[in-house]
Amino acid sequence: MIALLAMTACAGSLDSSEGGFGLGELSAEDSAEVFASAGVAPEPMNGQLRVQDNGCFTWSGEQADGAWIVWPESASLDGENGGQVMLDGGERVGDGSPLRGAGAVVALEDLPGGSNPDSYFASFGGYCGADAAGVVVFTEVASSR
């Protein structure tokens, strides 16, 4: 009972912009390792950002439509609006925003710990459907507005 009360108290202190998993990100070095292990290379990508009802950020485009997005580490979750991403340079993008960048489509298992169901990426990616739809790993991304 005490543990339940403590968890409720902690949950009550979170504001609506905080998400459980945060924003899936990889450093340039980690992205390069993922691409090498998957046998792919970054290529130009154009599409749209989709923010799912469950808070997952997914890709809408010809390549890997519905895939979960893993962002470069220069991106961050918007602290004022958890449904938006702040890109390098401070631009905010949300549901329906057109995006262009360089990236590649990989399997969830290609991410660090992606085949371990207890890892961050396997848990987060599985929750966002990446085990079925795949993952778009961006090395760079910008709005194409």
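In this report, the structure presented in the accompanying data block is examined. Position numbers for residues start from 1 in each chain and track the written sequence from start to end. Predicted model: local features are reported for residues with pLDDT of at least 70 only, side-chain atom pairs are reported and counted for 80 or more only, and whole-chain, interface and lining totals are derived from all residues. Where side-chain values are given, they derive from all heavy atoms of the structure, hydrogens and water being excluded.

## Describing the overall build of the chain
- Secondary structure elements are taken from DSSP: a helix is a run of H or I of four residues or more, a strand is a run of E of two residues or more, and numbering for both begins at the N terminus. Looking only at helices and strands, one finds 4 helices and 9 strands in the chain.
- Mapped from its N terminus to its C terminus, the chain presents α and β elements in the order α-β-α-β-β-β-β-β-β-β-α-α-β.
- Classification of residues uses two cut-offs on accessible area relative to the type maximum, computed with a 1.4 Å probe and protein chains only: under 20% is buried, over 50% is exposed, and between them is partly exposed. Here the chain, with 145 residues, has 35% of them falling under the buried criterion.
- Restricting the contact set of the chain to residue pairs at least 6 apart, pairs at least 24 apart contribute 69%.
- Working definition of accessibility: Shrake-Rupley area with a 1.4 Å probe, residue cover restricted to the visible protein chains. Carbon and sulfur atoms provide 50% of the accessible area of the chain, an area that totals close to 7,600 Å². In what follows, residue pairs with any heavy atoms lying within 4.5 Å of each other are defined as contacts.

## A few points about the state of the cysteines
- By disulfide we mean two sulfur atoms from cysteines, separated by a distance within 2.5 Å. This structure, assessed with the given rule, holds 1 disulfide.
- Paired through a disulfide, Cys56 and Cys128 show a sulfur-sulfur distance of 2.0 Å. Here Cys56 and Cys128 share a disulfide; its torsion about the S-S bond, -80°, makes the bridge left-handed. With Cys56 in the loop between strand E2 (43–51) and strand E3 (57–60) and Cys128 in the loop between helix H3 (120–127) and helix H4 (130–133), the pair connects residues that are 72 residues apart, well separated along the chain.

## As for the side chain of Ser31
- Tracing the backbone shows Ser31 in helix H2 (residues 28–38).
- Those residues in contact with Ser31, other than ones at most four positions away along the chain, are Leu26, Val137, Phe138 and Thr139.

## Quick notes on H2
- Looking only at H2, the buried set comprises Ser31, Val34 and Phe35. One side of H2 holds all its buried residues, which, seen down the axis, span an arc of 95°. Counted as exposed and oriented over 90 degrees from the buried face of H2: Glu29, Glu33, Ala36 and Ser37.
- For H2, the elements touching its buried residues are strand E1 (25–26), strand E8 (98–106) and strand E9 (135–143). Directions drawn from the helix axis to the C-beta atoms are what define this arc.

## Overview of the packing of aromatic side chains
- Side-chain rings of Phe, Tyr and Trp (the six-membered ring for Trp) are treated as a pair once their centres are within 6.5 Å; stacked means planes under 30 degrees apart, edge-to-face means over 60, and tilted covers the remaining angles. Following the criterion strictly, the structure yields 7 aromatic pairs and no others.
- Here Trp59 and Phe138 contribute two aromatic rings whose centre-to-centre distance is 5.4 Å and whose plane-to-plane angle is 70°, an arrangement assigned as edge-to-face. Separated by 79 residues along the polypeptide, Trp59 in strand E3 and Phe138 in strand E9 bring together distant segments of the chain. An identical accessibility class is assigned to Trp59 and Phe138; each is buried.
- For the ring pair Tyr120 and Phe124, a centre distance of 5.6 Å and an interplane angle of 70° mean the geometry is edge-to-face.

## A word on a negative patch on the surface
- The patches described consist of residues with a relative accessible area above 30% and no salt bridge, like charges being joined within 9 Å and nonpolar side chains (Val, Leu, Ile, Met, Phe, Trp, Tyr) within 5 Å. The working definition used for a salt bridge is a side-chain nitrogen of Lys or Arg within 4 Å of a carboxyl oxygen of Asp or Glu. Residues scored as positive are Lys and Arg, those scored as negative are Asp and Glu, and His as well as the terminal groups of each chain are ignored. To locate a charge, take atom NZ for lysine, CZ for arginine, CG for aspartate or CD for glutamate. On the surface, Glu29, Asp30, Glu33 and Glu73 cluster together into a patch of negative charge.
- Turning to its location among the elements, Glu73 is positioned in the loop between strand E4 (68–72) and strand E5 (76–77).

## A look at the pairing of E4
- With respect to burial, E4 is a largely interior element, 5 of its 5 residues being buried.
- If DSSP finds at least two bridges between two strands, the strands pair. Pairing analysis gives 3 bridges linking E4 to E9, with the strands arranged parallel. Paired with Ile69 across the strands is Val136, a residue of E9.

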